[in-house]
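Working through the structure, step by step
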Amino acid sequence: PRIRVSRLREADLDAVLAIERVSFPTAWTRDNFLYELRDNRFARNLALRADGSLAGYACLWALEGELKINNIALRPDLRGTGLGHVLLRACLEVGLAESCTEATLEVRPSNLVARRLYERYGFREIGRRSGYYQDTREDAVLMAARLDRSLWPALPR
């Protein structure tokens, strides 16, 4: 497929919400996304498109040298295709362009696929947030990585 990363737009929100609802037990609402798109001056929001349709998205904050990855997801039918690498790498590139030196995120301990992907890009567990996820009371693993392209793996083919 032809892959392109661009700015997330309000017109993408129906597709974003469809992915969000199947990806996360406690999904963000349209209003959550609208705030990130319209009002949050720290927000940098990405859309991953495959052959013109939305394949995934990421909501980021660039704040005082830190890139905070708040929300990142791919369509379920495209997981395991290497597009997660493309989207994560695009997020990290935004961080570099915004003069960030570190990236942080939270992930469920049970989300081993995502944790392995993040680890390949230099993310390491730096703490836990007890009972962070309201739906299951599961902790969040807090991960951080130094933003350095030399630490990133080659993109899968």
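The notes below deal with the structure included here.

**A closer look at helix H3 (residues 83–97)**
Over its 15 residues, H3 runs 21 Å from end to end, which matches the ideal 21 Å to within 8%, given 1.5 Å per residue. Burial analysis of H3 places 11 of its 15 residues in the buried class, the great majority of the element. Leu-83, Gly-84, His-85, Leu-87, Leu-88, Arg-89, Ala-90, Cys-91, Leu-92, Val-94 and Gly-95 are the residues of H3 that are buried. Buried positions along H3 lie against strand S1 (3–7), strand S2 (43–50), strand S3 (53–63), strand S4 (66–74), strand S5 (102–107) and helix H4 (112–120). The first or second residue beyond H3 is Ser-99, which carries a positive phi of 65 degrees.

**With respect to unusual backbone geometry**
Here the phi dihedral of Asp-51 falls at roughly 50 degrees; this positive angle occurs in a residue that is not glycine. Using a relative accessible area of 54% as the deciding quantity, one classes Asp-51 as exposed. At Glu-64, a position not held by glycine, the phi torsion is positive, near 50 degrees. Take Glu-64: it is sitting in the loop between S3 and S4.

**Details of the sheet that holds S5**
Pairing in this open sheet of 7 strands is mixed, and the strands run S1-S2-S3-S4-S5-S7-S6 from one edge to the other. For this open sheet the edge positions go to S1 and strand S6 (124–129), each flanked by a neighbour on one side alone. The mean angle between the axes of side-by-side strands here comes to 25 degrees, regardless of whether they run parallel or antiparallel. With 6 bridges connecting them, S5 and strand S7 (residues 140–146) associate as antiparallel partners.

Rules used in this analysis
- Residues numbered from 1 in each chain as written.
- Predicted model: local features only at pLDDT ≥ 70, side-chain atom pairs only at ≥ 80, totals over all residues.
- Heavy atoms only, no water.
- Helix = DSSP H or I, 4+ residues; strand = E, 2+ residues; numbered from the N terminus.
- Expected span 1.5 Å × (residues − 1).
- Buried < 20%, exposed > 50% of the residue type's maximum accessible area, 1.4 Å probe, protein only.
- Contact = heavy atoms within 4.5 Å.
- Pairing = 2+ DSSP bridges.
- Axes fitted to C-alpha atoms, helices over the stretch in contact; angles between N-to-C directions.

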